Amino acid sequence: SAKGIPSPPPSLQFEQEAMVRQDEKSLVDRIRAVQRSTQANKRCADCTERGPTYVCLDFRTFVCQQCSGLHRAFGHKMKSISLSEWTAAEVQLVEAGGNEKAAKKWLSSFWDREEFPEPDGSDVEQLRSFIKMKYVEKKWQVTDTFDATSAQASAMRDST
């Protein structure tokens, strides 16, 4: 052991390792609770795939495996819900985020579903292009302090 500090007895070391595993499990349980909390979190934030297994920490969203690979290619930080080690701080970020909140920021009322439909995941190039427009080019981002609903309301007033 380092610098004369004795190692804990094997039984204590085993207990400590078990506690760490339990802490990691409870963090994953908290992420899964967030995922179950809304319909939006039960599907990918960027395509129509159900049951996302990854989290994009940059945007605090739940995404499918295919979209996670595309996000990684853009340099976005990704974690597998069940296969990654999570910190309490990361879990708090996920708890403060979610797909609904992200959609309000990244897909404001300026997003035209007809012109840029949400991809179904079958066309990887369409998916890559959608993710690039949404997060890299920030094509539909709400940039002011007001929320998407007030932006929508003012857009409706302006069009009448």
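Sequence positions are assigned chain by chain, starting from 1 and proceeding in written order. In keeping with the model being predicted, local features are shown solely for residues with a pLDDT of at least 70 and side-chain atom pairs are shown and tallied solely at 80 or more, while totals for entire chains, interfaces and linings include all residues. Only hydrogens and water are removed before side-chain values are computed, so all heavy atoms of the structure are retained for them.

(A) Seen up close, the sheet that holds strand β3 (residues 78-80). Two strands qualify as a pair provided DSSP detects at least 2 bridges between them. Starting at the N terminus, helices and strands are each numbered in turn, a helix being any DSSP run of H or I of at least four residues and a strand any DSSP run of E of at least two. Pairing is antiparallel across the open sheet formed by three strands, whose spatial order is β2-β1-β3. The sheet is open, and its two borders are formed by β2 (61-63) and β3, each paired with just one other strand. Strand-to-strand twist of the sheet, defined as the mean angle between neighbouring strand axes without regard to direction, takes the value 30°. Bridging between strand β1 (residues 54-56) and β2 involves three bridges; their strand directions are antiparallel. Paired with Y54 across the two strands is V63, which belongs to β2. Helix axes are fitted only over the stretch in contact, all axes being lines through C-alpha atoms; the angle between N-to-C directions runs from 0 to 180 degrees.

(B) Molecular detail of the side chain of T61. Relative to the assigned elements, T61 resides in strand β2. The exposure class assigned to T61 is buried, which follows from its relative accessible area of 0%. Every residue pair with non-hydrogen atoms within 4.5 Å of one another is taken to be in contact. Beyond its immediate stretch of four places on either side in the chain, T61 contacts A45, Y54, V55, C56, G98, N99, A102 and Y135. Note on exposure labels: buried denotes an accessible area under 20% of the residue type's maximum, exposed denotes more than 50%, and partly exposed covers the range between, all computed with a 1.4 Å probe on protein chains only.

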